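Remarks on the overall topology
The primary structure of each chain is shown beneath.
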Amino acid sequence: LVRHLEPDASVFGRAYGRLDVPLSPGARKQAEELARALEEIPFAAVYSSPLRRALETAGPIAARHGLEPLVHDGLRELDFGAFEGERFEDLERSQPAQYRAWMTDPTSVTFPGGESFSVLRSRATAAAEEICKGHRGACVAVVAHGGVTRAILAAALGMPDTALFSLDQPYGAVSVVDWFQGSPVVRLVNADLLGAAGGRA
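Residues numbered from 1 in each chain as written. Predicted model: local features only at pLDDT ≥ 70, side-chain atom pairs only at ≥ 80, totals over all residues. Heavy atoms only, no water.

1. Digging into the overall build of the protein
Threshold: Starting at the N terminus, helices and strands are each numbered in turn, a helix being any DSSP run of H or I of at least four residues and a strand any DSSP run of E of at least two. The quantity called the radius of gyration is restricted to C-alpha atoms. Its globule counterpart is 2.2 Å times the number of residues to the power 0.38. When accessible area is computed with a 1.4 Å probe and restricted to protein chains, residues below 20% of their type maximum are described as buried, those above 50% as exposed, and intermediate ones as partly exposed. Contacts between residues were defined by any pair of non-hydrogen atoms, one from each residue, lying within 4.5 Å. Throughout, the Shrake-Rupley method with a 1.4 Å probe supplies accessible areas, and for residues the shown protein chains are the sole cover considered. Charged residues are defined here as Lys and Arg on the positive side and Asp and Glu on the negative side; His and the ends of the chain fall outside this count. Positions of charges follow a simple convention, taking NZ of Lys, CZ of Arg, CG of Asp or CD of Glu.
The helix and strand inventory of the protein stands at six helices and six strands. Helices and strands appear in the protein in the N-to-C order β-α-β-α-β-α-α-α-β-α-β-β. Since a compact globule built from 201 residues should have a radius of gyration of about 17 Å, the 16 Å found for the protein is in line with a globular shape. Taken across its 201 residues, the protein has 46% of its residues classed as buried. Put simply, of all contacts in the protein between residues at least 6 apart along the chain, 67% involve residues at least 24 apart. Roughly 9,300 Å² of accessible area belongs to the protein as shown, and the carbon and sulfur atoms make up 51% of that amount. Within the protein, the 25 negative side-chain charges are centred at a point lying 1 Å from the centre of the 20 positive side-chain charges.

Okay, structure coming up:
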């Protein structure tokens, strides 16, 4: 599991689940470094969210293995609905009750016109199960978003939704989960293959 690298600075301070923004210029260079760090792992496939920041992270990883990223819609980030693109301070003023709930109990919130974290967890874990079934006995990379990788890791660890944000997911973090006859074993969480260059969530 790989969280995408740092997105373009235009989304800093904003809700940006489904906004299709590219990587920052520095992160595009880091994507090549991350690909080199993963070069020796025999990936049979590289899956990616359809959003640009994930695809731009997955592309160099796939290229190092003579592959193209396989887009899976189930790996998209959370849909913030009407909150997409809004600045946090503006939401705090215009939607104080919902913003407060989001900040204090984020997995309980369903965003207006968007999703809840339980919906994201269901589709993310379903995507992971589908990918695993299609590649039994093989190693694959899944490049996605903080919400998605948290959800897959939390499910593998048997953590409840309320504990999901106890898992940090820095940009570029690499985690490893093995599936044995459908049962997950978490081998590694948040390896920093860029020497802390990837930034934090």
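Having seen the structure, we can now continue with the description.
2. With respect to the environment of S183
For S183, the position within the fold is in strand 6 (residues 183–191). For the pair S183 and A101, spaced 82 residues apart in sequence, the C-alpha to C-alpha distance is 34 Å.

3. A short note on the pattern of salt bridges
Short version of the rule: We define a salt bridge as a side-chain nitrogen of Lys or Arg found within 4 Å of a carboxyl oxygen belonging to Asp or Glu.
What the rule picks out here adds up to eight salt bridges. For the salt bridge of R123 with E115, the shortest nitrogen-to-oxygen distance reads 3.0 Å. On the accessibility criterion, R123 (17% relative accessible area) is buried. The exposure class assigned to E115 is buried, which follows from its relative accessible area of 12%.

4. Re the pairing of strand 4 (residues 139–144)
The side chains of a regular strand alternate between both faces of the sheet. To keep it simple, the criterion reads: Strand pairing is defined by DSSP finding a minimum of two bridges between the two strands.
Two strands pair when backbone bridges link them, and strand 1 (residues 2–3) and strand 4 are joined in this way by two bridges, in the parallel orientation. Bridge pairing in strand 4 links R3 to A144. With five bridges connecting them, strand 2 (residues 43–48) and strand 4 associate as parallel partners. Paired with V46 across the two strands is A141, which belongs to strand 4.

5. Digging into the packing of helix 1 (residues 25–37) against helix 2 (residues 52–64)
Test applied: For helices, the fitted axis covers only the stretch in contact; all axes are lines through C-alpha atoms, and the angles between them, taken along N-to-C directions, range from 0 to 180 degrees. Helix crossings are classified by the rotation of the near helix relative to the far one: an anticlockwise turn of less than a right angle makes the crossing left-handed, while a clockwise turn makes it right-handed.
With their axes 8 Å apart at the nearest point, helix 1 and helix 2 run at an angle of 35° to one another. In the crossing of helix 1 with helix 2, the sense of the turn from one axis to the other is right-handed. Of the residues in helix 2, those in contact with R28, A31, E32, L34, A35 and R36 of helix 1 are E56, T57, P60, I61 and R64.

6. Details of the side chain of R53
Rule in force here: Whenever two N or O atoms come within 3.5 Å, that pair is a polar contact, provided that in protein one can donate a hydrogen and the other can accept it, and provided that, for residues adjacent in sequence, both atoms are side-chain atoms.
Looking at the element boundaries, R53 is found in helix 2. Here R53 is buried and forms no salt bridge, its nearest opposite-charge partner D20 lying at an N-O distance of 5.3 Å. In terms of polar contacts, R53 uses its side chain to reach the backbone carbonyl oxygen of G17, at 2.7 Å. Not counting residues within four places of it along the chain, the set of residues in contact with R53 comprises H4, P7, Y16, G17, L19, V21, P22, L23, E77 and H145.

7. Quick word on the confidence of the model for the protein
Stated precisely, the cut-off is as follows: Each residue carries a pLDDT score, the predictor's confidence in it, ranging from 0 to 100.
Residues with a pLDDT of 70 or more make up 97% of the protein, whose mean pLDDT is 94. The low-confidence segment residues 197–201 (pLDDT under 50) makes 16 contacts with residues lying over four places distant or belonging to another chain.

8. Concerning helix 2
Basically, it comes down to this: Each residue after the first adds 1.5 Å to the expected span of a helix. To get the bend at a residue, fit one axis to the 7 residues ending there and another to the 7 starting there, then take the angle between the axes.
Helix length check: helix 2, at 13 residues, gives a terminal C-alpha distance of 19 Å against a target of 18 Å (1.5 Å per residue), a fit within 8%. Where helix 2 bends most, at A58, the angle is about 25°, and the proline P60 comes one to four residues later. If you check which residues of helix 2 are buried, you get R53, A54, T57, A58, P60, I61 and A62. The elements touched by buried residues of helix 2 are strand 1, helix 1, strand 2 and strand 4. With its phi angle positive at about 70°, G66 sits one or two positions after the end of helix 2.

9. Considering the environment of V143
Structurally, V143 is set in strand 4. On the accessibility criterion, V143 (0% relative accessible area) is buried. Along the chain, V143 and E130 lie 13 residues apart, while their C-alpha atoms are 15 Å from each other. In contact with V143, not counting residues within four places along its chain, are V2, V46, Y47, S48, S49, A54, T57, A58 and I61.

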